[in-house]
Amino acid sequence: MAENIMERLNRIGAEKKIADFRVKQKQDYEFKKRYAYIRAWEFYNEAAKRDLNVHVSVGGLDSITLFMFLRSIGINAPGVSVSILEDVSIQRVHKQLGIERLKSAVRYVDENGTEHRWKKPEILQEFGFPVLSKEIAGKIETLQHPTEKNKTVRHAIITGETGEFGGYRKNTRMKLSNKWLEKFGGYENENEGVNYSIPNFKVSSKCCYYLKEKPCDDWAKEHNSVPYLGLMASEGGRRAKSLMINGCNYFGKTTVRSAPFAIFNRQDILQLALELEVPVPEIYGTIERKDDGTLYTTKAQRTGCSMCGFGIQLEKRPHRFDLLKERNLKEWEYWMYRCCKDEDGTQYGWARVLDYIGIEY
């Protein structure tokens, strides 16, 4: 019988690894910077032993800082990015730094051999909106597409009960919060004897895959290369626990990656960006210091694709859609009201989604 999740976590000593990782997170800035230096070079040398090249997956300020940090310690890994997804000010910095710009994944090839690539509106129309978080969107997407194989997972999302594979645990983090169950759990009303709502739009976490992850993965395979990523466990989300258990450098059967900044927090990144004189894209404003010494960016704290809603419920106004309206009213109107169509031809967009989850705009 295959081991369940709890048995696997016990076998690999996950609890101790997480505890050790959290101790490193509490160390001072100089320790973390030195630690990143050591981990980055360890990854570079191990990749070389395995006849692998290395590259940096570049997006916003964190990974731009990583790119420049690696250069500063003698690791001249090329940077790659699907820059078209980023704000124009980020695109300008990418161009300045010589980052290779990739295209989105191929959607299909026509009879003439011409490649047609995924576009943002096509992703939203076919798969759904990236809302709340990647983890939450993935769970909602699972509820929206029930199969016999995901029956146990769907039950866990509604109840928190994991069944045999999950070690028969109850009240687990698999369960959606009550707030979002009320909004999105209605797909399981009949199966679970509940009375939740069903939205009039689809939800999906596939945007990142087709627009960013797959293009970078395809480039990596073509160039026999493995990535440095600007991930930090302090950001939370589905990758935080994986970083804590697997550490900065991971050489798995199907996944190989380095996250030298895994133990960093936001203050560490901003401090390093200042030290390295990183060109800060205009969308972030400038890096300044409060009276208590806390560093911050004067404009956006976080950036992403202009049609992404991950984390929108955590932002104070003016939130990302407000700022988009200020920067580009025409683009804002398109994403808010006209990027998708119902079967009857009615146009809609993020306004429908934001209304449903209670976000003002």
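Just above, that's the structure.
Keep in mind that what you see is a predicted model, and the values were worked out from it rather than measured.

**Q** Whenever I open this one, the overall build of the chain confuses me. Can you help?
**A** In terms of regular secondary structure, the chain is built from 16 helices and 14 strands. In terms of overall dimensions, the chain is globule-like: its C-alpha atoms have a radius of gyration of 21 Å, near the 21 Å expected for 361 residues. By its C-alpha atoms, the chain is 60 × 60 × 55 Å across when sized along the principal axes. Expressed as a percentage of its 361 residues, the buried residues of the chain come to 47%. When contacts within the chain are restricted to residue pairs at least 6 apart in sequence, those whose partners lie at least 24 apart make up 62%. On the chain, roughly 19400 Å² of surface is accessible, and the fraction owed to carbon and sulfur atoms is 49%.

**Q** I'm lost on helix 15 (residues 329–337) in this one. Help?
**A** Note on helix geometry: an α-helix contains 3.6 residues per turn, so any two residues three or four positions apart are oriented the same way. Restricting attention to buried positions, one finds in helix 15 the residues Trp332, Trp335 and Met336. Seen from one end, helix 15 has its buried residues packed into an arc of 95°, which puts them on one side. Its buried side turned inward, helix 15 meets helix 6 (120–126), helix 14 (320–327), strand 14 (347–348) and helix 16 (350–357).

**Q** Which parts of the structure should I look at to understand the side chain of Arg154?
**A** Structurally, Arg154 is set in helix 8 (residues 151–159). Take Arg154: its relative accessible area is 6%, and that puts it in the buried class. There is a polar contact of 2.5 Å between the side chain of Arg154 and the side chain of Asn150. Every residue in contact with Arg154, bar those within four places of it in the chain, is listed here: Thr142, Leu143, Pro146, Thr147, Glu188 and Asn191.

**Q** What is the right way to look at unusual backbone geometry in this model?
**A** Most peptide bonds take the trans form, and the phi angle of most residues other than glycine is negative. For the bond from Arg317 to Pro318, the omega torsion is 5°, close enough to zero to count as cis. Position of Pro318 among the secondary structure elements: in the loop between strand 12 (309–310) and helix 14. Of note, the phi angle at Asp51 is positive, near 60°, even though the residue is not glycine. At Leu132, a residue that is not glycine, the phi angle is positive and equals roughly 75°. Along the polypeptide, Leu132 turns up in strand 6 (residues 131–132). Since its relative accessible area comes to 1%, Leu132 is described here as buried.

**Q** Before we go on, may I ask you to explain the packing of helix 15 against helix 16 in this structure?
**A** For any two helices packed against each other, one specifies the inter-axial angle together with the distance between the axes. Axis separation between helix 15 and helix 16 bottoms out at 5 Å; the angle between their running directions is 65°. Facing Trp335, Met336 and Tyr337 of helix 15, the residues of helix 16 in contact are Trp350, Ala351 and Leu354. Residue composition of the contact of helix 15 with helix 16, by class: 6 nonpolar, no polar and no charged.

**Q** Just checking my understanding: could you explain the side chain of Asp322 for this structure?
**A** Among the structural elements, Asp322 can be located in helix 14. Among the residues examined, Asp322 registers a relative accessible area of 10% and is labelled buried. Each residue touching Asp322, except ones within four places of it in the same chain, is listed here: Arg317 and Tyr361.

**Q** Where do I start with the pattern of salt bridges in this structure?
**A** When the charged atoms of two side chains with opposite charge come close together, those side chains can pair. One pass over the structure, following the stated rule, counts 23 salt bridges. Arg107 is the salt-bridge partner of Glu126, the closest N and O atoms lying 3.1 Å from each other. A residue pair is termed long-range when its members are at least 10 positions apart, and Glu126 in helix 6 and Arg107 in strand 4 (residues 106–109) qualify at 19 residues. Given the relative accessible area of 39%, Glu126 is considered partly exposed. Two residues, Arg154 and Glu188, come together in a salt bridge whose shortest N-O distance is 2.7 Å. Of this pair, Arg154 sits in helix 8 while Glu188 is found in the loop between helix 9 (178–184) and helix 10 (189–192), placing the two residues 34 residues apart along the sequence. Glu188 sits in the buried class, given a relative accessible area of 2%.

**Q** Whenever I open this one, the pairing of strand 4 confuses me. Can you help?
**A** Regular strands place their side chains on alternate faces of the sheet. The sheet contact formed by strand 4 and strand 5 (residues 115–117) spans 3 bridges and is antiparallel. When the bridges of strand 5 are listed, Val109 appears paired with Glu115. Linking strand 4 to strand 5, which pair antiparallel, is a turn of 5 residues; within it Gly113 sits at a positive phi near 85°.

**Q** Sorry, what's going on with the environment of Tyr356 here?
**A** Considering the arrangement of structural elements, one finds Tyr356 in helix 16. Note on Tyr356: relative accessible area 16%, which makes it buried. Spatially, the C-alpha atom of Tyr356 lies 9.6 Å from that of Phe201, the residues being 155 residues apart in sequence. Discounting residues that sit within four places of it in the chain, Tyr356 has contacts with Lys183, Phe184, Ser197, Ile198, Pro199 and Phe201.

Criteria and cut-off values
- Residues numbered from 1 in each chain as written.
- Predicted model: local features only at pLDDT ≥ 70, side-chain atom pairs only at ≥ 80, totals over all residues.
- Heavy atoms only, no water.
- Helix = DSSP H or I, 4+ residues; strand = E, 2+ residues; numbered from the N terminus.
- Rg over C-alpha atoms; globule rule 2.2 N^0.38 Å.
- Buried < 20%, exposed > 50% of the residue type's maximum accessible area, 1.4 Å probe, protein only.
- Contact = heavy atoms within 4.5 Å.
- Areas by Shrake-Rupley, 256 points an atom, 1.4 Å probe, with all protein chains shown as cover.
- Arc of directions from axis to C-beta.
- Polar contact = N/O pair within 3.5 Å; in protein donor to acceptor, adjacent residues only side chain to side chain.
- Axes fitted to C-alpha atoms, helices over the stretch in contact; angles between N-to-C directions.
- Nonpolar A, V, L, I, M, F, W, Y, C, P; charged D, E, K, R; others polar.
- Salt bridge = Lys/Arg side-chain N within 4 Å of Asp/Glu carboxyl O.
- Pairing = 2+ DSSP bridges.

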